[in-house]
Amino acid sequence: MKKSIDLINERIRDGNARVVSAEEMPDIVQELGEEGALMEVDVVTTGTFGAMCSSGAFFNFGHADPPIRMERIWLNDVEAYAGIAAVDAYLGAASDSDTQGMEYGGAHVLEDLVAGNPVELRAISRGTDCYPRKTITTELYLEDLNHAIMCNPRNAFQRYAAATNTSDRTLHTYMGTLLPHAGNISFSGAGTLSPLANDPHMRVIGSGVPIFLCGARGMVVGEGTQASPGSGFGNLMTTGDMKEMSQDFLRAATFTGYGATLYVGVGIPLPVVDIGVVRSTAVRDEDISTPIVDYGIPRRDRPTLRTVTYADLKRGTIEIDGEEIRTSSLSSYRKAREVAEELKKWIETGQMVLSMPTRTIDAGRTVHPIRETALAPRVKEIMDKNVVSIAEDEEIRTAARNLLRGETNHLPVLNGEGKLVGIVTTYDISKAVVRPDSGPRVRDIMTRKVIKTTPDEPVDIAAQKLERHNISALPVVDDTDRLLGMLTAIDLGKLFGGRWRR
Amino acid sequence: MKLLVTFSRKGGHEPVIARTVKETGVLINVERAHIDSHAGEVLIDVPEESAEQVCRSMREAGANVKVLEDAVIRDQNECIDCGACVSVCPQDVFAFDEDWHLQLHGERCVLCGKCVVACPHNALSILE
Ligand code: SF4
Ligand code: SF4
């Protein structure tokens, strides 16, 4: 059996459509069977409410007198992109304020507008024959704008990788606060209610499909940027009129140490046209799996510690290596439900009818990393291979002599097998001279906890280590802790023309 | 019950906590302490029924005592019930009810401040 979209819309207009949420659907399918559910249910509503950095809006402000061709534009000190004609801008949610940094960003401007607060527009121009004016400053409310059209390049990911951190310091990321030593796990996404998780093959979601966007009647533009539905990470480009939006479903946020972002409420109604839709909307949290990725490794390809389902994540703790680790959601499941319920109301009362995609999305597409014409430099390219080192059982006096001879401030210390076991600096030696009772050998005064690097580590990451620990040199070692060289702040300075010198 | 005790050490070094323990015989659990040469701030946990007695004794010793009922404060208008605070709190102060509304057990809070930094919506604050 099949059901046409026209029949479904007719039922919606007559007020007879049976609309259920994606959370209710699995039980209905279980109870009535697939054929039964297809006959019974006309529309399944989905919803999600979470941080979607890749959001923003196009504005048209209208012309001033005398007219100005706005070349650079700030809204409450957050710069918007102005390279689109004279009095237009695109404001991205993730851009930070010039004056308040990441505490206030594009997302906050968008929320202020929707909340009915005034926003200061500041623009400058070089002045032309047709647009003579050079500056303008004015206060605007949302209703003063000709157009405020939200257009989000990538929203509503099918699922998100969960995050943890095995390093020994707290990380502040777009996945929230990640405590050291895998102290917690954070995740995002609505699982069973997530729009794309209910249509992973993009059979009824595509261009032109009506959606709920932050309280407005919006639309799917098409595939989102960086969408990779072929690997289970599809997403959508969405649009909607900001003048219809509500603060209940649009919230600015700041992730400490990362930046501003926008919490967006998105819901998509799925027409139950065939068994395929019944099957895909019967998905439960237990059926949606996602990897837990280690953000303690600062590289693109971060290791996966475990694969879990949304049911596991929502339960509150996950076991990794025999330890129960607590989970935190970053998106709001309560709000996701509100979105799906609101959408249900719209359809039950005939305020929204459905349509099939006018253009479908390729569900097999995957994305790849950037093509880098020059590989990011590695430590081995700039490290100093002529290193003066010292054995741990030498006398401190010998260490002092070596430091002088090597014209350096750092002396790596090796054990009998030639492995790095410590480091001695000129400061340690001075201390030993003042306090001679510490012992006569290098091992008595060396620092044992050495911050080090490897030859294949990218220079940017080694530079971060120097900065974070406030040190000026890193021993370079191989897998077995054998010393290969030293990387100093001076080596970095040479490479980057002073960029790293502090 | 949690009490935040602050005292100045300018007028001599009165051992406020030791004195109170001796005087009242109440066992005091010190959860956090910042004490330097001229001032101190100590967070203590005492049994509900002896709280009043402890407060009185400490105040007599010249300390300022605040009863912490709402140590961590949530702004309901800003909170969206995401749950980012849940796993960062060392005291299990936050949990969801079955409708995914965030519940707070503020009496367990030790004012570490981790949740304040973790909340993306600036909805949490703690007593200064
Ligand atoms: S992190 Fe903030 S917004 Fe999220 S549930 Fe906790 S208090 Fe509410
Ligand atoms: S301040 Fe610390 S103990 Fe108190 S609620 Fe926040 S995270 Fe928990």
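Residues numbered from 1 in each chain as written. Chains lettered and ligands numbered in written order. Predicted model: local features only at pLDDT ≥ 70, side-chain atom pairs only at ≥ 80, totals over all residues. Heavy atoms only, no water.

1. A short note on the side chain of Arg-251 of chain A
Rule in force here: Going along the chain from the N terminus, every DSSP run of H or I of four or more residues is numbered as a helix, and every run of E of two or more is numbered as a strand. Here a polar contact is recorded for every N or O atom pair within 3.5 Å, except that within protein the pair must consist of a potential hydrogen donor and a potential acceptor, and residues adjacent in sequence are included only if both atoms are side-chain atoms. Whether two residues are in contact is decided by their heavy atoms, any of which lying within 4.5 Å being enough.
Looking at the element boundaries, Arg-251 of chain A is found in strand β20 (residues 250–255). Here Asn-77 of chain B takes part through its backbone oxygen, which lies 3.0 Å from a polar atom of the side chain of Arg-251 of chain A. Apart from the residues within four sequence positions on either side, Arg-251 of chain A is in contact with Phe-49, Glu-111, Thr-261, Leu-262 and Tyr-263 of chain A together with Asn-77, Glu-78, Ile-80 and His-121 of chain B.

2. Description of the packing of aromatic side chains
Our working definition: Between the rings of Phe, Tyr and Trp (Trp by its six-membered ring), a pair exists once the centres lie within 6.5 Å; its type follows the angle of the planes, with under 30 degrees stacked, over 60 edge-to-face, and the other angles tilted. Throughout, exposure labels follow a simple rule: accessible area from a 1.4 Å probe, protein chains only, divided by the maximum for the residue type, with under 20% read as buried, over 50% as exposed, and the rest as partly exposed.
As enumerated under the stated definition, the model contains eleven aromatic pairs over all chains in all. Look at Phe-212 of chain A and Phe-249 of chain A: their rings are 4.9 Å apart centre to centre, the planes differ by 90°, and that puts the pair in the edge-to-face class. Of this pair, Phe-212 of chain A sits in strand β17 (residues 210–213) while Phe-249 of chain A sits in the loop between β19 (236–241) and β20, and the two are 37 residues apart along the sequence. In terms of burial, Phe-212 of chain A and Phe-249 of chain A fall into one category: buried. An angle of 65° between the planes, with centres 5.4 Å apart, marks the rings of Tyr-333 of chain A and Trp-100 of chain B as edge-to-face. Taken together, the positions of Tyr-333 of chain A in helix α6 (residues 333–348) and Trp-100 of chain B in the loop between β6 (94–96) and β7 (102–104) put the pair across two chains. For the pair Tyr-333 of chain A and Trp-100 of chain B, a shared accessibility class is recorded, and that class is buried. Site record: aromatic cluster; members linked through ring pairs are Tyr-174, Tyr-258 and Tyr-295 of chain A.

3. With respect to the site of ligand 1
The condition is simple: We call a residue near a molecule or strand when any one of its heavy atoms sits within 4 Å of it. Polar here means any residue other than Ala, Val, Leu, Ile, Met, Phe, Trp, Tyr, Cys and Pro, which are nonpolar, and Asp, Glu, Lys and Arg, which are charged; Gly is therefore polar.
Every residue near ligand 1 is listed here: Cys-79, Ile-80, Asp-81, Cys-82, Gly-83, Ala-84, Cys-85, Leu-102, Cys-119, Pro-120, His-121 and Leu-124 of chain B. Residue composition of the shell around ligand 1, grouped by class: nine nonpolar, two polar and one charged.

4. Brief notes about the side chain of Asp-312 of chain A
Turning to its location among the elements, Asp-312 of chain A is positioned in helix α5 (residues 310–315). Not counting residues up to four positions away in its chain, the partners in contact with Asp-312 of chain A are Thr-317 and Ile-318 of chain A.

5. Some details on the interface of chain B and chain A
What counts is decided by this rule: Accessible area, probed at 1.4 Å, shrinks when two parts are joined; the buried area is that loss added up over both. What makes a salt bridge here is a side-chain nitrogen of Lys or Arg within 4 Å of a carboxyl oxygen of Asp or Glu, nothing more.
Residue-level contacts link 26 residues of chain B with 26 residues of chain A. For the pairing of chain B and chain A, the buried interface totals around 1,900 Å² over both sides, and the portion due to carbon and sulfur atoms is 50%. Its largest share of buried area at the contact with chain A, chain B owes to Ile-80, Ser-87 and Trp-100 of chain B, together 34% of the area lost on that side. Connecting chain B to chain A are two salt bridges. Note that Asp-92 of chain B is salt-bridged to Arg-326 of chain A, the shortest N-O span being 2.6 Å. Put simply, chain B and chain A have 17 residue pairs in polar contact (both at pLDDT 80 or more) between them. A class-by-class count of the residues in the side of chain B that touches chain A yields 14 nonpolar, six polar and six charged.

6. Considering helix α9 (residues 426–434) of chain A
Residues and elements named next belong to chain A. Selection rule: Starting at the helix axis, one direction is taken to each C-beta atom, and the arc is that of these directions.
For α9, every residue scored as buried is listed here: Asp-428, Ile-429 and Ala-432. End-on view of α9: buried residues confined to an arc of 100°, all on one side of the axis. Turned more than 90 degrees from where α9 packs its buried face, Tyr-427, Val-433 and Val-434 sit exposed. On its buried face, α9 sits against α8 (396–406), β29 (420–425) and α10 (442–445).

7. Notes on unusual backbone geometry
In this model, Asp-65 of chain A is joined to Pro-66 of chain A through a cis peptide bond whose omega is -10°. Within the secondary structure, Pro-66 of chain A is located in the loop between β4 (56–60) and β5 (72–75). The phi torsion at Trp-100 of chain B lies on the positive side, around 65°, for a residue other than glycine.

8. Topic: the nonpolar core
All names here are of chain A. Here is the rule we go by: For the purposes of this section, nonpolar cores are sets of buried Ala, Val, Leu, Ile, Met, Phe, Trp, Tyr and Cys residues that join through side-chain atoms within 4.5 Å. Domain segmentation is taken from an automatic or database assignment of domains.
Counting residues in hydrophobic clusters, the biggest one holds 88 residues, and the most contacted among them are Phe-59, Phe-61 and Met-242. Of all the elements, α6 adds the most residues to this core, at seven residues. Three or more residues apiece are contributed to this core by two domains, here domain 1 (5–52 + 151–348) and domain 2 (62–145). Setting aside residues up to four positions removed in sequence, Phe-59 forms contacts with Leu-75, Val-87, Asp-88, Ala-89, Leu-91, Leu-110, Leu-113, Leu-145, His-147, Ala-148 and Met-242.

9. Description of the sheet that holds strand β28 (residues 410–414) of chain A
Residues and elements named next belong to chain A. Applied cut-off: Strands were regarded as paired on the criterion that DSSP finds at least two bridges between them. A fitted line through C-alpha atoms represents every axis, and for helices the fit uses only the stretch in contact; the resulting angles, taken between N-to-C directions, go from 0 to 180 degrees.
In space, the three strands of this open sheet follow the order β27-β28-β29, with mixed pairing throughout. Pairing within the sheet leaves two strands with one partner each, and these edge strands are β27 (390–391) and β29. The pairing of β27 with β28 spans two bridges and is classified as parallel. Note that in β28 the partner of Ala-391 across the bridge is Leu-414. Of the strands in this sheet, β27, β28 and β29 touch α8, which is tilted by about 130° from β28.

10. Points about helix α11 (residues 459–469) of chain A
Regarding α11 of chain A, the residues found buried are Val-459, Ile-461, Ala-462, Ala-463, Lys-465 and Leu-466 of chain A. Just downstream of α11 of chain A, Asn-470 of chain A is the residue with a positive phi angle, here 55°.

11. Description of the confidence of the model for chain B
What counts here: What pLDDT conveys is the predictor's confidence in a given residue, as a value from 0 to 100.
For chain B, the average pLDDT comes to 86, and 95% of its residues sit at 70 or higher. Of the two predicted TM-score estimates for the complex, the pTM is 0.83 and the ipTM is 0.82.

12. Remarks on the domain arrangement of chain B
Residue and element names in this part refer to chain B. As far as domains go, chain B holds domain 1 (2–68) and domain 2 (72–126). Just the C-alpha atoms count here: the centres of domain 1 and domain 2 sit 27 Å apart. The interface is formed by six residues belonging to domain 1 together with six residues belonging to domain 2. When domain 1 packs against domain 2, close to 420 Å² is buried across both sides, 57% of that on carbon and sulfur atoms. Applying the counting criterion to the domain 1 and domain 2 interface returns three residue pairs in polar contact (both at pLDDT 80 or more). Counting only elements with at least two residues in the side of domain 1 that touches domain 2, the list comes to β1 (2–8) and β2 (29–35). Across the side of domain 1 that touches domain 2, the residue classes break down as three nonpolar, no polar and three charged.

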